[in-house]
Amino acid sequence: MGKFATIDVALDEMLVNLAAIVLRLSKPEVTRTPEARRALAQSVHQYAVCAARSTDPRVHDLKSQLEQTVKPSLRIVAIDGVKVS
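Computed from a predicted structure; not experimentally measured.

**As for the layout of surface pockets**
Then, in step 1: What the largest pocket holds in volume is close to 200 Å³.
Then, in step 2: Lining the largest pocket we find D8, L11, D12, M14, L15, C50, R53, S54 and T55.
Then, in step 3: Ranked by residues supplied to the lining of the largest pocket, first place goes to helix 1 (residues 3-25) with 5 residues.

Okay, here's the thing in structure tokens:
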């Protein structure tokens, strides 16, 4: 394994570990405030930028999981014009 391959493997491992940390921080009890949500969104974005060049499928799976944490949850508020509780 060449020097560059060794560095790539090490970076992939770091990205996997980083994703685990960010996933723990994405829990609703941690991201209650708007500032915390913005910080989470920024962390997810930065992770996605770093993960873009990785060839490790774990990194891309974790990227997808992280991106799901910042998507707003949608709920139905009306069906055919009738408000739903």
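**Structural notes on helix 2 (residues 34-51)**
Owing to its 3.6 residues per turn, the α-helix aligns residues three or four sequence positions apart on the same side.
Then, in step 1: Here helix 2 spans 25 Å end to end across 18 residues, near enough to the 26 Å set by a 1.5 Å rise per residue.
Then, in step 2: Inspection of helix 2 places L40, V44, Y47, A48 and A51 among the buried residues, and these make up the whole buried set. Relative to the axis of helix 2, the buried residues are bounded by an arc of 100° and lie together on one face. With respect to the buried face of helix 2, the exposed residues turned more than 90 degrees away are P34, R38 and Q42.
Then, in step 3: For helix 2, the secondary structure elements touched by its buried residues are helix 1 and helix 3 (57-69).

Basis of the calculations
- Residues numbered from 1 in each chain as written.
- Predicted model: local features only at pLDDT ≥ 70, side-chain atom pairs only at ≥ 80, totals over all residues.
- Heavy atoms only, no water.
- 1 Å grid on protein atoms, 1.4 Å probe; cavity = no way out; pocket = protein on both sides within 12 Å on 5 of 7 lines; lining within 4 Å.
- Points joined across faces, edges and corners; volume = space filled by probe spheres on them.
- Helix = DSSP H or I, 4+ residues; strand = E, 2+ residues; numbered from the N terminus.
- Expected span 1.5 Å × (residues − 1).
- Buried < 20%, exposed > 50% of the residue type's maximum accessible area, 1.4 Å probe, protein only.
- Arc of directions from axis to C-beta.
- Contact = heavy atoms within 4.5 Å.

Keep in mind that these numbers describe shape and distance, not what the molecule does.
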